[in-house]
Amino acid sequence: MMMARRTAVPRRMKLVRTATSASRRTRLARTATWYRPLRTDPVPYLVALLSFIIFTAFSLHQWASMQTSSWDLGIFTQLAQRYAHLEAPIVDIKGPGFNLWGDHFHPILVVLGPIFALWPSGATLLIVQNALFAISAIPLTRLARARCGAGAGTAFGLLYAVSWGLSAAVAAQFHEIAFAVPLLAYGLTAWVEGRYRRAALPLGTLVFVKEDLGLTLIAFGAAALLAEFFAQRRTVCGAAVQNDDGAAAAAQTRSARAQALWASPAGRWAVGLAIWGAVWFVLSIWVLLPAFNPDGAWDYTDRLTGDAGLFTGAATKLMTLAVLLGSAGVVGLVSPWILLMLPTLAWRFTGNVEFYWGLDWHYSAVLMPIATIALLDGLGRLERSIRIRARREHAERATHGECSPRGECATRSGHVKRGLIALALAASVIATLVGTRANAVGWWIQGRYNGASAEERAGAREALAAVPDGSHVVTDIHMLAYLVPNNTVYWEGTRGNAGANAVVFAPQSKANHGDAQQILDWASATFGGTWHIASDKGGYVTVLPGEAPAREEGK
C-alpha cells in the first residue's frame, strides 16, 4: 500500500505538470504564430480603411440628406455637448433636467467630450462610430489570415468589416455599443491567442459601455473556462493514455484536469472577469442607475415584462438566429465562444419591443466580433479533430499491417479543411447579403436611399440658420441632432412644461402639425404670446416669438 501511494503521487503531479507546461507552450506558440510576424502586415489596416470609407460615405450622405431620424443621435449629441463643456450629463431631450446617468450605464462616453469640443456636430458622432467599427476589423483580420491563410483570412476580415450587424448599427446612427465592438474584437482575439493579461483590459472595460454587458462578461468567463477545460482534456488524456492503471488512471486524469484548470492563468483570469462583470451588473442595475433616475429605478424593467414571450414573433427571431449562424460560418457552433451571444439574445428575445427581435437597428453589432471569433475558433477545433482522427486511423491501419502512406492522411485532412473554410465563407457571404439588404446601408448601395431633395435640403439649412444661437428649441426627432450645438433642445414628445423661444419642424411632422400657419398657431397656443414664421421652405418650418421683422413683411 505504501508503494502504491508513493507511485500514485508522482504520476498525479506529472499529469498536472504536463497539462500546465503544455498549456504554456500552446499559449506561447499561439502568440508567435500571428501577432509578432503580422504586426506590420498592411492588409488588416487596409480592410479597416475600406470599412471606414464605406460607412462614412453612407453616414455623410445620410446626414447631408436630412435622414437622421434617430432620437438617440440627438440624445448622445446633447450628452457629448455637456461633456465638452465639462458639465453634468443633463439631456433635456429625454426630459427637462434629465440626468442621462439614470438611463443607461455608459461612463465610457465621457471620451466624446474632447472630440465634440473640436468638431461640435452630430455628424462627429457618426464618424466616431464608423472609426470604432473599422478599428475592430484589424485584430480579427490578422487572426483570420493567420488561421486560414492570406486569401481566405482576408475574405473573412472583409466580411466582418462590412457585416450586417455593423451596417445596421451605422444605419441606426450612433449608440454607446459602438465602443463595445472594438473592445470585444481586441479582447477576444488576445484571449484566443493566449495573451490573457492583455485581453483583460478591453474585456473588463465592457462594463463601462452598457449595463447588460456585465452579463456578457459572465458568459465570457463560462466560455473561457469551457475552452480551457477542453484544452486541458486533450493534454491530460493524452498523458493518461500512457498509464495502464485503468480506473485509477481515469480518476487521476479527472483530478489532474480539474487542478490544472483552476491553476492555469486562463482559469484564474476567466473567473476574475466573470466576477468583475457580475459586480458591475448588480451595481449598475440596482444602485447607480436608480440613484440618478428621477423615478429611482432602472427605466427598462417594463420592456422585459408583459405579454410578449419567447415564442412571440417566432419567425422574426428564427430569421435573426439563422443569419447569426451564417455569420458564424455554421462551424462557429462547435466553439465555446458562441455562448457569449446568449445574454444579448436572451434580453432581446424575451423583451416586448419588436425592434429587439429582428436584423435592423444596432442590437446585433456586439454579436459580430463574437460570431467571427467563434467562426475562426470553430474552424481550428474541427481541423484538430480531423487531424487527430486521421492519425488514429493511420495508427490502427499500421497495427493491422495495412499502413497507408502518411502523406495520404495529411492530404485528406487538408481537403476537409479547405472544404470547411469554403463552407464558412459561403455561409458568411449569404448572411452578409441577407442582413445588409434589410437595412439602409444596403438600400444605399442599391441606389434606393435618396433622402431629401435639393429644395428640401435648402429649406432645412434655412430653417436651421433662422434659429438664433442660445435658443431653447422645441423640435421633432428629425431635427434634434442638427439643433443641439449652441442651443438647448427639447423633443416635442418629452418637453414637459419647458418653455421655448424657437420651434422647428421637418416635413415629416406635417401629419401631426400641418403647414407653417398651423405650426404658428400651435406655438402661440402652447407657449403664449405672438409668434411669426421665420422660415418656410421645402416643408421645413421655423417659428420664433415676436412680430415678424419689417424686412420679412416686405418679402
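In the block above lies the structure referred to throughout.
Residues numbered from 1 in each chain as written. Predicted model: local features only at pLDDT ≥ 70, side-chain atom pairs only at ≥ 80, totals over all residues. Heavy atoms only, no water.

Caption draft 1: Region of the structure containing a nonpolar patch on the surface. Together, Ile 275, Val 279, Val 282, Leu 283, Trp 286 and Val 287 give the surface a local cluster of nonpolar side chains, amounting to about 550 Å² of exposed area. Summarising the element assignment, Val 282 is placed in helix H12 (residues 265–292). (Patch = residues over 30% accessible without salt bridge, like charges linked within 9 Å, V, L, I, M, F, W, Y side chains within 5 Å. Areas by Shrake-Rupley, 256 points an atom, 1.4 Å probe, with all protein chains shown as cover. Salt bridge = Lys/Arg side-chain N within 4 Å of Asp/Glu carboxyl O. Helix = DSSP H or I, 4+ residues; strand = E, 2+ residues; numbered from the N terminus.)

Caption draft 2: Highlighting a negative patch on the surface. A contiguous patch of negative charge on the surface is contributed by Glu 462, Asp 515, Asp 521 and Asp 536. Tracing the sequence through the fold places Asp 515 in the loop between helix H20 (510–513) and helix H21 (516–527). Overall, Asp 515 belongs to the partly exposed group, its relative accessible area being 39%. (Lys, Arg positive; Asp, Glu negative; His and termini not counted. Charge placed at Lys NZ, Arg CZ, Asp CG, Glu CD. Buried < 20%, exposed > 50% of the residue type's maximum accessible area, 1.4 Å probe, protein only.)

Caption draft 3: Region of interest: the pattern of salt bridges. Evaluated as defined, the whole model comprises 7 salt bridges. Between Glu 193 and Arg 147 there is a salt bridge, with the nearest N and O atoms lying 3.6 Å from each other. Within this pair, whereas Glu 193 is found in the loop between helix H8 (180–192) and helix H9 (196–205), its partner Arg 147 is found in helix H5 (residues 122–148), the two being separated by 46 residues in sequence. Assessed through its relative accessible area of 1%, Glu 193 is described here as buried. In this structure Arg 147 comes out as partly exposed when scored by relative accessible area, which is 27%. The salt bridge involving Arg 381 is made with Asp 377; its shortest N-O contact spans 2.7 Å. Remark: Asp 377 and Arg 381 occur in helix H15 (residues 367–399); sequence separation between them is 4 residues, near one turn of the helix. Judged on exposure class, the residue Arg 381 and its partner Asp 377 are both buried.

Function-wise, these values are silent; they only describe arrangement.
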